[in-house]
Amino acid sequence: MSRPQRHVFVCAQQRPPEHPRGSCAGKGGTAVLQAFWAELQKHKAHDTIAVTYSGCLGPCDGGTNVLVYPEAVLYSGVTQDDVAEIFERHLLGGEPLARLVAPGEAW
Ligand code: FES
């Protein structure tokens, strides 16, 4: 396995619906994760990009949260409809998608 140039962590944390912090899975995180995997397949980018599900990344209120390294860019409020744009603009093109970057106080 080659070392990826970018590594994406998609929060797929689940909590009971009544939990006060909510969860990214409760806000569509699983669909977001599947959309990233689909983009990975579509672009045949397995050698350069890794997509991994994660537990809670911290700022649950803003979920679904997605963290991209090595830039340490946190995206919040991500839906499955945003994934292709993040993938093409940031993961392949190197330019973070400003409209979805989490506010400074969240990260
Ligand atoms: S549950 Fe996703 S950031 Fe906490």
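This text goes with the structure placed above it.
Remarks on the pairing of strand β2 (residues 49-54)
- Sheet topology note: the strand β1 (residues 6-11)/β2 ladder contains six bridges and is parallel. Paired with Val 8 across the two strands is Val 51, which belongs to β2.
- Taken together, β1, helix α1 (residues 29-43) and β2 form a β-α-β motif whose crossover is right-handed.

Regarding the sheet that holds strand β4 (residues 73-75)
- Ordered in space as β2-β1-β3-β4, the four strands form an open sheet in which the pairing is mixed. The strands lining the two open edges of the sheet, one partner per strand, are β2 and β4. Averaged over neighbouring strand pairs, the angle between their axes works out to 20° when direction is ignored.
- The pairing of strand β3 (residues 66-69) with β4 spans three bridges and is classified as antiparallel. Along β4, the bridge assignment pairs Val 68 with Val 73.
- Its contacts with the sheet place α1 against β1, β2 and β3, and it is angled at close to 155° to β1.

Side note on the packing of α1 against helix α2 (residues 83-92)
- Interhelical geometry of α1 versus α2 gives an angle of 55° and a closest axis separation of 9 Å. By the angle between their axes, α1 is oblique relative to α2. The hand of the α1/α2 crossing is right-handed. Between α1, through Val 32, Ala 35, Phe 36, Glu 39 and His 43, and α2, the contact on the second element is made entirely by Val 83, Ala 84, Phe 87 and Leu 92.
- Along the lines of polarity and charge, the residues of the contact of α1 with α2 split into seven nonpolar, one polar and one charged.

Details of α1
- Look at α1: 21 Å from first C-alpha to last across 15 residues, which is about the 21 Å you get at 1.5 Å a residue.
- Within α1 the residues assigned to the buried category are Gly 29, Val 32, Leu 33, Ala 35, Phe 36 and Glu 39. Take α1 and look down its axis: the buried residues cluster within an arc of 160°, on one side only. Turned more than 90 degrees from where α1 packs its buried face, Gln 41 and Lys 42 sit exposed.
- Residues of α1 that are buried sit in contact with β1, β2, β3 and α2.

Here is what the cut-offs are and how they apply
- Numbering of residues starts from 1 in every chain and runs along the sequence as written.
- Since the coordinates come from a predicted model, pLDDT governs what is reported: local features require at least 70, and pairs of side-chain atoms require 80 or more to be given and counted, while whole-chain, interface and lining totals use all residues.
- Two strands qualify as a pair provided DSSP detects at least 2 bridges between them.
- The way it works is that DSSP assigns letters per residue, a run of H or I at least four long becomes a helix, a run of E at least two long becomes a strand, and they are numbered from the N terminus.
- Handedness of a crossover is defined as follows: orient the strands so they point away from the viewer, and if the path from the first strand over the helix to the second runs clockwise, the crossover is right-handed.
- Lines fitted to C-alpha atoms define the axes, with helix axes restricted to the stretch in contact, and inter-axis angles between N-to-C directions lie between 0 and 180 degrees.
- Note that contacts rest on C-beta atoms placed from the backbone: two residues are in contact if these are within 7 Å.
- Between 65 and 115 degrees an angle is taken as roughly perpendicular, under 35 as roughly parallel, over 145 as roughly antiparallel, and anywhere else as oblique.
- The handedness criterion is simple: a crossing whose near helix is rotated anticlockwise from the far helix by less than a right angle is left-handed, and one whose near helix is rotated clockwise is right-handed.
- Classification used: nonpolar for Ala, Val, Leu, Ile, Met, Phe, Trp, Tyr, Cys and Pro, charged for Asp, Glu, Lys and Arg, polar for all others including Gly.
- A helix is expected to reach a length of 1.5 Å times the quantity of its residues less one.
- Burial in this document is a count-based property: other C-beta atoms within 10 Å of a residue's C-beta are tallied, and the residue is buried at 20 or more, exposed at 12 or fewer, or partly exposed in between, with C-beta positions derived from the backbone.
- Taking the helix axis as origin, the arc is that swept by the directions to the C-beta atoms.

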